[in-house]
Amino acid sequence: MSIRAKLAAAGASIALLGGGIWVLAPGSSMASSHREAPLTSAEPQIDQTDLYAFVAPDDAEKVTFVSSWIPFEEPAGGPNFYLWAERTNYDINVDNDGDARADVIFRWRFTTHHRNGGDSFLYNNGVVDALDDPNLLIYQTYDLWRIREGREPVRILDNAEVVPSNVGEGSMPTYNADLFDAGTRTFGAGNLSWVGQSDDPFFLDLRVFDLIYGGDFSEVGDDTLAGFNVNTMALQVKKGMVRGPDDPIIGIWNTASRRSVRIQDATGAVAQQGPLVQVSRLGMPLVNEVVVPVAAKDYFNASNPRQDAQFLPKVQDPELPHVISAVYPSVFPQVPDSNDAEAGIQRDDLISVFLTGVDGLNQPAGVRPSEMLRLNLSIAPCSSTCSTLGVIGGDTAGFPNGRRLDDDIVDIALRVVMGVLLPDHDPDADTLSDGVGANDGPFLGSFPYVAHPHAGSDPSPH
């Protein structure tokens with residue numbers, strides 16, 4: 001029997017429990033890292049939405065990283081379309097020996113260019129059918145660096161072009177073929193980079209905050225992110241560029257950093273001074289959103305994985321299952337194995353998923369507990385046994401072993417926090433779902449894999 005049917009049969013009456021549910025809401029969203037912290041919510045250019053890492057499905061000798069930023073991009077949001085921040089380091093960090101330090105960093109730096117000296121309010125003043133089209137009045141380029149501990153940084157791409165925002169069919173009638181596809185750059189022995197606008201690959205029903213889907217799971221099945229775009233960087237490299245010397249397991253997290261002081265004068269000109277400070281961080285989905293309390297979210301964004309022991313109590317006994325149990329007492333009368341230090345109880349299942357990796361799957365030898373996405377490079381992509389539920393669906397190539405674009409993160413997270421990894425879990429946890437099981441647009445079968453962005457000319461992208 002479904003959870004909704006059980007509630008109806010029990011004649012359940014769901015009450016507002018002293019406002020307890022609302023502690024999830026201020027400045028946060030369960031849409032992975034969409035508007036998850038006060039600082040990044042106010043500055044979308046440093047707000048990362050999602051991080052993905054997976055062995056390439058069409059080339060098992062390579063690993064792919066996909067990193068998306070700037071949430072809720074309305075496709076028709078001109079005239080100032082969506083640009084990456086300048087004077088900012090966008091980093092993908094890779095730990096390949098389990099010590100919670102970055103051994104390899106891939107760094108993007110962006111430069112904005114204005115044709116016609118900026119003497120127009122328009123993004124483009126004619127049809128754009130090439131990345132270097134003179135009708136594209138505002139465009140960006142990027143440098144990509146590879147940084148390894150104890151070595152000089154190496155610039156692997158110089159002045160590569162960013163795929164522009166999809167203004168619409170009138171402005172960019174051949175966007176997919178002439179702009180999106182043209183954004184792929186090759187470096188080294190078949191390594192690939194792509195930067196531009198894409199459809200937001202995350203899918204979920206955000207009405208989780210309306211008393212966890214309406215208080216009776218009646219508010220499910222609508223992809224809240226359908227029709228929105230994001231800015232995305234995709235990178236595909238040979239495994240040897242990131243693999244450690246003794247272990248095929250890597251940990252991955254994203255950061256953004258910039259100068260600590262921003263100075264704006266009366267003309268509107270902006271300068272930045274001071275040391276670099278980290279202002280954004282993301283590894284595992286949903287951690288900063290529904291594990292870290294709101295008062296610590298900006299601090300988490302500035303912290304590094306080696307400091308993550310301080311967040312252990314919130315991982316061992318997260319708030320979300322308490323809220324679900326409170327809102328649905330007839331279905332989940334108690335929190336699964338809630339943390340009780342005196343009784344010696346803790347959620348070891350959550351610690352393995354979020355802090356150490358799962359033993360025998362993606363836990364590095366001698367791992368230092370720390371929050372990051374962990375991927376076992378020796379596990380081949382799935383073939384006939386694929387499941388969007390990843391490991392809990394019997395597919396070890398999926399989340400939490402890395403994260404693929406089509407992994408159903410919300411269904412997995414709801415079930416895991418309610419105890420599906422525990423031996424005596426409530427069977428109702430096996431059916432928890434937001435009713436959204438796939439993205440609104442088809443993912444590509446080859447690099448960069450993300451779906452094409454929605455066009456600004458679409459009258460109803462959502």
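All of these numbers come straight from a predicted model, not from anything done at the bench.

Draft legend 1. Region of the structure containing the state of the cysteines. For the structure on display, the rule yields one disulfide. Cys382 shares a disulfide with Cys386; S-S distance 1.9 Å. Measuring the twist about the S-S bond at about 100°, one finds the Cys382-Cys386 disulfide to be right-handed. What makes Cys382 partly exposed here is its relative accessible area of 25%.

Draft legend 2. Highlighting the pattern of salt bridges. For the structure on display, the rule yields 11 salt bridges. Among the ionic pairs, Glu43 bridges to Arg258, the shortest N-O distance being 2.6 Å. Taken together, the residues Glu43 in the loop between helix H2 (38–42) and strand S1 (48–55) and Arg258 in strand S10 (residues 249–264) connect sequence positions 215 residues apart. Residue classification places Glu43 among the partly exposed positions, given a relative accessible area of 29%. On the accessibility criterion, Arg258 (15% relative accessible area) is buried.

Draft legend 3. Representation of helix H10 (residues 409–417) within the structure. Burial runs high along H10: nine of the nine residues are buried. Residues of H10 that are buried include every one of Ile409, Val410, Asp411, Ile412, Ala413, Leu414, Arg415, Val416 and Val417, and no others. Looking at the buried positions of H10, the neighbouring elements they touch are helix H4 (211–217), helix H8 (319–327) and helix H9 (348–356). Phi for Gly419, located one or two positions after H10, is positive at around 100°.

Calculation notes
- Residues numbered from 1 in each chain as written.
- Predicted model: local features only at pLDDT ≥ 70, side-chain atom pairs only at ≥ 80, totals over all residues.
- Heavy atoms only, no water.
- Disulfide = S-S within 2.5 Å.
- Buried < 20%, exposed > 50% of the residue type's maximum accessible area, 1.4 Å probe, protein only.
- Salt bridge = Lys/Arg side-chain N within 4 Å of Asp/Glu carboxyl O.
- Helix = DSSP H or I, 4+ residues; strand = E, 2+ residues; numbered from the N terminus.
- Contact = heavy atoms within 4.5 Å.

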